[in-house]
Amino acid sequence: MTVEETQVAVEEPVKECEKAAVAEGLVEEAAKVEKSSSYKEESNYLSDLKEFEKKALVELRAKLEEAILGNNIFKKDEPKKVEEKTEEAEAEPAVKTEETELAVKTEETEAVEKTEAAVKTVCAEKPEEGETAPELAEEKEQVVAPVCKEEAKPESSQVVDTDISLWGVPLFPGKGSEGTDVVLLKFLRAREFKVNEAFEMLKKTLQWRKESKIDSILEEEICSDLSSAAYLNGVDREGHPVCYNIFGVFDNEELYQKTFGNEEKRGQFLRWRVQLMEKSIQKLQLKPGGATSLLQINDLKNSPGPIKKELRVATKQAVGLLQDNYPELVAKNIFINVPFWYYALNALLSPFLTQRTKSKFVVARPAKVTETLLKYIPAEEIPTQYGGFKREDDTEFFSSEDGSVSELTLKAGSTQTIEIEAAEADSSTLVWDVSILGWEVNYKEEFVPSDEGSYTIIVQKKKKIGANEGPVRNTFRSNEPGKVVLTIENTSSKKKRVLYRHKTNKCI
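Worth saying up front: this structure is predicted, and the values here are computed from it rather than measured.

Trainee: Which parts of the structure should I look at to understand the pattern of salt bridges?
Mentor: Opposite charge on two side chains permits them to pair, given that their charged atoms come into close proximity. For the structure shown, the criterion picks out 22 salt bridges. Among the ionic pairs, Glu42 bridges to Arg189, the shortest N-O distance being 3.8 Å. Placement of the pair is Glu42 in the loop between helix H1 (11-23) and helix H2 (51-69) and Arg189 in helix H6 (residues 180-190), with a sequence separation of 147 residues. The partly exposed category is assigned to Glu42, whose relative accessible area is 42%. Between Lys258 and Asp225 there is a salt bridge, with its nearest N and O atoms 2.2 Å apart. With Lys258 in helix H8 (residues 253-260) and Asp225 in the loop between helix H7 (195-212) and strand E4 (230-235), this pair connects stretches of sequence that are 33 residues apart.

Encoded structure:
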């Protein structure tokens, strides 16, 4: 997990965020990430594993198969009933002791008298040698029969369940699923390829899922008010689904109390976070060569922070839950808009995270958000609020097939233009997006006709764009050949990265 993420930190978001926060003893600033940096998941192909890894995988397969065939994956419940009965028997009131002793003595006295009478009768009517008194024989049979019947009762044969699965992947090696090794490797990596520890972790996860009814959690309606707190949106450069956790929504006191107000509500929040993780897993390709983990983005802007006790409790629980039951399902955990209190939260949660989990955290201060995200996610997949070009329901303008993003570097104190050619035939509409990391530039847009006798049209007059501005999108409908010219003037002492894309839509 990245903390597994989880894993979630403040909401799942909260949970993930906090997790990330926890792991950030490293404080890996976005600025430290090389532009060419690439992170790929460790290979799940058997041929790419080291010898000790292959050996551990084979051993874990064998232990798992043996446990499944022996019905030893889940805990047995039956002994519990026997213990309960024993406890009830021991709990009988001691007040009845005297009455019991009197009753026993009375029964013993009557039994002795009956026995003496029976002996006299038998002596008086002694059967011939070899014969047995019918009454005694019958009585003997009545005593022995129940025991014989109990001993003779055959044991019911146990049914072996070879259909046990995790995250939709069959775990029984005999099924031959290509995803089985992928899942087992996640548990092995989480436990540094220590087979016994990985096996116990897997068993605990399966037991937890059974007791918590996780396999049916997607059918539940949980915390519908938290839809804006965490959601899946796009993929990164390696094809990993991206999950955004927005902590700032909990700055709303009403939503905060509704989510963390008491233990029951926090329990529902945890279940909601688990449900989100299960939804995320459905986007994965649990097979060799597939994207088998997520990229978590945890936005801490306006987050209530560790000052809120309920949030701290929920975060700590989420960290443990996700790390223990969803190992290696987060490729990177990126924390953005990190505030000053992040480091205090880090100190609080860090002891609960493994070193492997901590190594997956990346932290970015507000000024480095877009720059950091671009290291892992293409601009067309980054939402506009984080400096990218992705807009909700934007297929009208740009799809995955067109509108590819270009980039240029604007030196300090220099001016540069971007030219977008207009169609020469029918009238058409030009659409463009521009984003400049850090902005603080002068910007204007013009349409320059090809005919020198025509006038230049001001599309956007020159203006100063501040550092907190988001991407610019504009359109222009052309009725004659020409070009749209975007002019960017960098008056600062630092170079700027300029991202842009454009498209021509023919008018019908």
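Trainee: What exactly am I supposed to notice about helix H9 (residues 263-281) here?
Mentor: Think of an α-helix as 3.6 residues a turn; residues three or four steps apart then line up on the same face. Counted at 1.5 Å a residue, the expected span for H9 with its 19 residues is 27 Å, and the 27 Å between its end C-alpha atoms agrees. The distance from a side-chain oxygen at the start of H9 to the backbone nitrogen of Glu264 is 3.1 Å, and the residue carrying that oxygen is Asn262.

Trainee: Would you mind showing me how to read the sheet that holds strand E15 (residues 482-489) here?
Mentor: The pairing of strands in a sheet happens through backbone hydrogen bonds and is either parallel or antiparallel. Taken in spatial order, the 4 strands line up as E10-E15-E12-E13 in an open sheet, and their pairing is antiparallel. In this open sheet, the two strands that pair with only one neighbour each are strand E10 (415-421) and strand E13 (457-465). Between one strand axis and the next, the sheet turns by 15° as a mean value, whatever way the strands run. In this sheet, E13 lies alongside strand E12 (residues 441-449) in antiparallel orientation, the contact comprising 6 bridges. Its bridge partner lying in E13, Glu445 is registered against Gln460.

Trainee: Which parts of the structure should I look at to understand the confidence of the model for the protein?
Mentor: Fine structural detail should not be taken from predicted coordinates in areas where pLDDT scores are low. In the predicted model, the protein carries a mean pLDDT of 79, and 73% of its residues have values of at least 70. The lowest-confidence element of the protein is strand E1 (residues 9-10), averaging 37 in pLDDT; the highest-confidence one is H7, averaging 97. A low-confidence stretch, residues 89-106 stays under pLDDT 50, and its non-local contacts, those more than four residues away or across chains, total 0 contacts.

Trainee: Just to check I follow, could you spell out the side chain of Arg271 for this structure?
Mentor: Mapped onto the secondary structure, Arg271 falls in helix H9. The class for Arg271 is buried, based on a relative accessible area of 19%. Contact partners of Arg271, with chain neighbours within four places excluded, come to Ser212, Lys213, Ile214, Ile217, Glu220 and Ile222.

Quick notes on the rules
- Residues numbered from 1 in each chain as written.
- Predicted model: local features only at pLDDT ≥ 70, side-chain atom pairs only at ≥ 80, totals over all residues.
- Heavy atoms only, no water.
- Salt bridge = Lys/Arg side-chain N within 4 Å of Asp/Glu carboxyl O.
- Helix = DSSP H or I, 4+ residues; strand = E, 2+ residues; numbered from the N terminus.
- Buried < 20%, exposed > 50% of the residue type's maximum accessible area, 1.4 Å probe, protein only.
- Expected span 1.5 Å × (residues − 1).
- Polar contact = N/O pair within 3.5 Å; in protein donor to acceptor, adjacent residues only side chain to side chain.
- Pairing = 2+ DSSP bridges.
- Axes fitted to C-alpha atoms, helices over the stretch in contact; angles between N-to-C directions.
- pLDDT = per-residue confidence, 0-100.
- Contact = heavy atoms within 4.5 Å.

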